[in-house]
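Each chain, written out:
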Amino acid sequence: MDNVTEKLFQCFGHRKFKSELQERAIRAIARGVHDVYVSMPTGSGKSLCFQLPAMLQDNKVAIVFSPLLALIKDQIDHLSKIKINAESINSKMTSKDRERVLNDLRSMKPNTRFLYVTPEQAATGTFKSLMEHLVKYKKLSYVVVDEAHCVSEWGHDFRPDYLKLGNLREQYKSVPWVALTATASAEVAKDILSNLKLLLPVAQYKTPSFRRNLFYDVIYQNCIDDEVGHLTEFLKKSLKEDENVKPKDKNAAIVYCRTREQTEDLANMLSKRGLMCLAYHGGMKSSERISVQEKWSQGEVPCVCATVSFGMGVDKASVRAVAHWGIAQNVAAYYQESGRAGRDGKPAFCRIYYCRSERNAVDFLLKSEVGRSKTPEQKNRCKVAYKSFEIMVKYCEDIKCRHKVFAEYFGEEIPKCGGRCDVCSDERSVRRALDQHQRRASS
Ligand code: ADP
Ligand code: MG
Ligand code: ZN
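In what follows, the accompanying structure is described. As the structure is a computational prediction, the values presented were derived from the model and not from experiment. (Residues numbered from 1 in each chain as written. Chains lettered and ligands numbered in written order. Predicted model: local features only at pLDDT ≥ 70, side-chain atom pairs only at ≥ 80, totals over all residues. Heavy atoms only, no water.)

Quick word on the coordination of the zinc ion (ligand 3)
So the rule is basically this: Distances up to 2.8 Å from the metal define which N, O and S atoms are donors, and 3.2 Å serves for Na, K and Ca; water is absent from the atom set, so sites may look incomplete. Under this scheme a four-donor centre is tetrahedral when all angles range from 85 to 135 degrees, a four-donor centre is square planar and a six-donor centre octahedral when opposite donors are above 155 degrees with the rest from 65 to 115, and any other centre is irregular. With a 1.4 Å probe rolled over the protein chains alone, any residue whose accessible area is under 20% of its type maximum counts as buried; one over 50% counts as exposed, and the rest are partly exposed.
Surrounding the zinc ion (ligand 3) are the protein donor atoms Cys-401 (SG), Cys-417 (SG), Cys-421 (SG) and Cys-424 (SG), which sit 2.3 to 2.4 Å from the metal. Its four donor atoms give the zinc ion (ligand 3) angles of 103 to 116° at the centre, a pattern that matches the tetrahedral case. We classify Cys-401 as buried; its relative accessible area is 11%.

The structure is reproduced here in structure tokens:
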């Protein structure tokens, strides 16, 4: 047992690393040679990646940037419970408290192991002189940027203050930096590296996108007689299960639609065909939305027809099917939305019911956004959005392993699909269907 595995148990009470990737990231951060980028899904134990290495360096403190005071509080509370000294400097604390923290940090041997701050704090005079001091006296182990996707305009919660962190990185080059996020997209990763001005070469630890338990396929709506019937059968088949599971663990499904009307229409039609289904969209009262989400999570209603606002923050493990009615906005969104299936690791199905008129509708929307955009940044954003959409169209209209499309998009090695998509399991049928689709669509 080396000192890394020793600390894992001693300080955090874990006997094993959560994954090989977690261990490799921890060891790289502990070596402290390079800046490190970590992209792993929510819940995979990213905090430990920077918390454990810090425990190997006595009398040093790690600065952790985190976007919200609430998140900071959670982390500090958790660390206090396991007897690790973590502090924060923020606008909400009393000046006495602040002095206490600062005094400790300015002492020769600080007790504080982690200093949590929001990026806004980084701009204050207090913080700047503290940073200066810590670097000068070599008391800083490293700087951590948690939820690093906030630095990217492609991320779902861009925070302009994160951009200022890049200047800090440039100013103090002697201390390694660590950036962590759950966002996998290549665009966001690129932004994180360049906006935070991380020093090259950056050691990168990323969970591969390939998920073997998910079967991906595309069905062309104009090649089937009864689209809703086809969808009903698909969902019913995917949802089949043993009788005696707890309601909470019951199999569930999501059908993503583009518009509110579609969610309601489809939910009605599916229910009429004997599959209990509720609609969910942004136009509903928030109490209604919560109630739908709960009924679905608790296993009272197996299926929800929803706009893409559904699913953020829900972590139901037993989602057996995710269908997209029409097309998805882009590959990153599709990967994320369909990826809500099979979190329990058991087989699950991800399917697009592709249709040209839906493709054209999205196409039209994106093009009109380009027309409406005024600043060069807006224009550029729209262009990239349109390009991402084109890759999504190709996903549907090309004969190429679906998992391969994802891997290429995320800049990864091509996985061995092993028949986990329609193209790899039965290419001839896919080719036949696509031919038929194209003939019918153009006639
Ligand atoms: P993330 O930031 O990636 O979403 P967290 O760091 O919040 O994930 O960790 C999620 C959970 O996993 C926490 O409850 C944490 O204690 C636990 N965890 C992390 N590493 C290990 C490990 N090696 N063994 C067991 N549990 C772990
Ligand atoms: Mg986290
Ligand atoms: Zn494949």
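That was the structure; now back to the text.
Thoughts on the environment of Ala-341
What counts here: Runs of H or I in DSSP of at least four residues are treated as helices and runs of E of at least two as strands, each being numbered from the N terminus. Two residues form a contact once any of their heavy atoms are found within 4.5 Å.
You can see Ala-341 is positioned in the loop between helix H13 (331-338) and strand S13 (348-354). Given a relative accessible area of 0%, Ala-341 falls into the buried group. Taking the C-alpha atoms as reference points, Ala-341 and Val-322, 19 residues apart in sequence, are found 6.1 Å from one another. Excluding residues within four positions of it along the chain, Ala-341 makes contact with Arg-211, Leu-214, Val-319, Val-322, Ala-348 and Cys-350.

Examining the nonpolar core
Selection rule: To form a nonpolar core, buried Ala, Val, Leu, Ile, Met, Phe, Trp, Tyr and Cys residues must be joined to one another through side-chain atoms within 4.5 Å.
Residues Phe-65 and Phe-114 are the most contacted members of the largest nonpolar core, which totals 71 residues. The residues contacting Phe-114, other than those within four sequence positions of it, are Phe-50, Gln-51, Ala-54, Met-55, Val-61, Ala-62, Val-64, Leu-79, Ile-84, Asn-85, Ala-86 and Glu-87. Counting residues in hydrophobic clusters, the runner-up holds 47 residues, among them Val-218, Ile-327, Leu-366 and Phe-406.

Some points on the site of ligand 1
Selection criterion: Only heavy atoms are used to decide nearness, and a residue is near a molecule or strand if one of them lies within 4 Å of it. Any pair of nitrogen or oxygen atoms within 3.5 Å is treated as a polar contact; in protein, a donor-acceptor pairing is required on top of that, and neighbouring residues in sequence qualify only through side-chain atoms on both sides. The protein chains shown are the only cover counted for residues, whose accessible areas, like all others here, come from Shrake-Rupley with a 1.4 Å probe. Each residue gets one of three labels, nonpolar for Ala, Val, Leu, Ile, Met, Phe, Trp, Tyr, Cys and Pro, charged for Asp, Glu, Lys and Arg, and polar for the others, Gly among them.
Taken together, 13 residues lie around ligand 1, and Lys-16, Lys-18, Gly-43, Lys-46 and Ser-47 are the ones closest in. Separating an oxygen atom of ligand 1 from a side-chain N or O atom of Lys-46 is a distance of 2.8 Å. Relative to its free-state accessible area of 570 Å², ligand 1 is covered by the protein chains to the extent of 67%. Looking at the shell around ligand 1, its residues break down into three nonpolar, seven polar and three charged.

Let's talk about the side chain of Gln-221
Among the structural elements, Gln-221 can be located in the loop between strand S8 (214-220) and helix H10 (227-239). Using a relative accessible area of 9% as the deciding quantity, one classes Gln-221 as buried. Not counting residues within four places of it along the chain, the set of residues in contact with Gln-221 comprises Glu-227, Trp-325, Gly-326, Tyr-353, Tyr-354 and Cys-355.

Some words on helix H1 (residues 3-12)
As a reminder of what qualifies: The directions from the helix axis to the C-beta atoms form the arc being described.
Residues of H1 that are buried include every one of Val-4, Leu-8, Cys-11 and Phe-12, and no others. Buried residues of H1 fall within an arc of 105° about the axis and therefore sit on the same side.

What about the sheet that holds strand S11 (residues 303-306)?
Where we set the bar: The criterion for strand pairing is that DSSP finds at least two bridges linking the strands in question. As a rule, the C-alpha atoms of each element are fitted with a line to give its axis, helices using only the stretch in contact, and angles between N-to-C directions run from 0 to 180 degrees.
Pairing is parallel across the open sheet formed by six strands, whose spatial order is S8-S13-S12-S9-S11-S10. In the strand order of this sheet, the two ends are held by S8 and strand S10 (277-280), each with one partner. Neighbour-to-neighbour, the strand axes of this sheet turn through a mean angle of 15°, independent of strand direction. Relative to S13, S8 is paired through seven bridges, and the arrangement is parallel. When the bridges of S13 are listed, Asp-217 appears paired with Arg-351.

Observations regarding the packing of helix H5 (residues 95-106) against helix H6 (residues 125-136)
Cut-off, in case you're wondering: Each angle is binned into one of four classes, with values under 35 degrees roughly parallel, values over 145 roughly antiparallel, values of 65 to 115 roughly perpendicular, and all other values oblique. A clockwise turn of the near helix away from the far one marks a right-handed crossing, whereas an anticlockwise turn of less than a right angle marks a left-handed crossing.
Viewed as axis vectors pointing N to C, H5 and H6 meet at an angle of 20°, and their least axial separation amounts to 10 Å. Classified by the angle their axes make, H5 and H6 are roughly parallel. By crossing handedness, the relation of H5 to H6 is classed as left-handed. Residues Leu-102, Leu-105 and Arg-106 of H5 touch H6, and the partners they reach there are Thr-126, Leu-130, His-133 and Leu-134.

Thoughts on unusual backbone geometry
Cis geometry marks the peptide bond from Leu-200 to Pro-201, where omega comes out at -5°. Looking at where Pro-201 falls in the secondary structure, it is placed in the loop between helix H9 (186-195) and strand S7 (203-206). The backbone of Glu-147 sits at a positive phi, close to 50°, despite the residue not being glycine. One can find Glu-147 in the loop between strand S5 (140-145) and helix H7 (160-163). Accessibility expressed as a relative area gives 26% for Glu-147, which makes it partly exposed. In this structure, Lys-197 is a non-glycine residue whose phi angle is positive, near 55°. We classify Lys-197 as partly exposed; its relative accessible area is 32%.

Description of a negative patch on the surface
The cut-off we apply is this: Like-charged residues are merged into a patch within 9 Å and nonpolar side chains (Val, Leu, Ile, Met, Phe, Trp, Tyr) within 5 Å, provided each residue has over 30% relative accessible area and no salt bridge. The rule for a salt bridge is simple: a side-chain nitrogen of Lys or Arg has to be within 4 Å of a carboxyl oxygen of Asp or Glu. Only four residue types enter the charge count, namely Lys and Arg as positive and Asp and Glu as negative; His and the chain termini do not. Lysine's charge is taken at NZ, arginine's at CZ, aspartate's at CG and glutamate's at CD.
A cluster of acidic side chains, namely Glu-241, Asp-242, Glu-243 and Asp-249, defines a negative patch on the protein surface. Note that Glu-241 resides in the loop between H10 and strand S9 (252-256). Under the relative-accessibility criterion, Glu-241 is labelled partly exposed at 31%.

Some remarks on the packing of aromatic side chains
This is how the line gets drawn: Under the pairing criterion, centres of Phe, Tyr and Trp rings, with the six-membered ring standing for Trp, must be within 6.5 Å; the plane angle then separates stacked pairs below 30 degrees from edge-to-face pairs above 60, leaving the rest tilted.
Following the criterion strictly, the structure yields 16 aromatic pairs and no others. With 6.1 Å between their ring centres and 85° between their planes, Tyr-220 and Tyr-354 make a pair best called edge-to-face. Taken together, the positions of Tyr-220 in strand S8 and Tyr-354 in strand S13 put the pair 134 residues apart, joining distant regions of the chain. The class for Tyr-220 is buried, based on a relative accessible area of 3%. Residue Tyr-354 is classed as buried on the basis of its relative accessible area, which comes to 0%.

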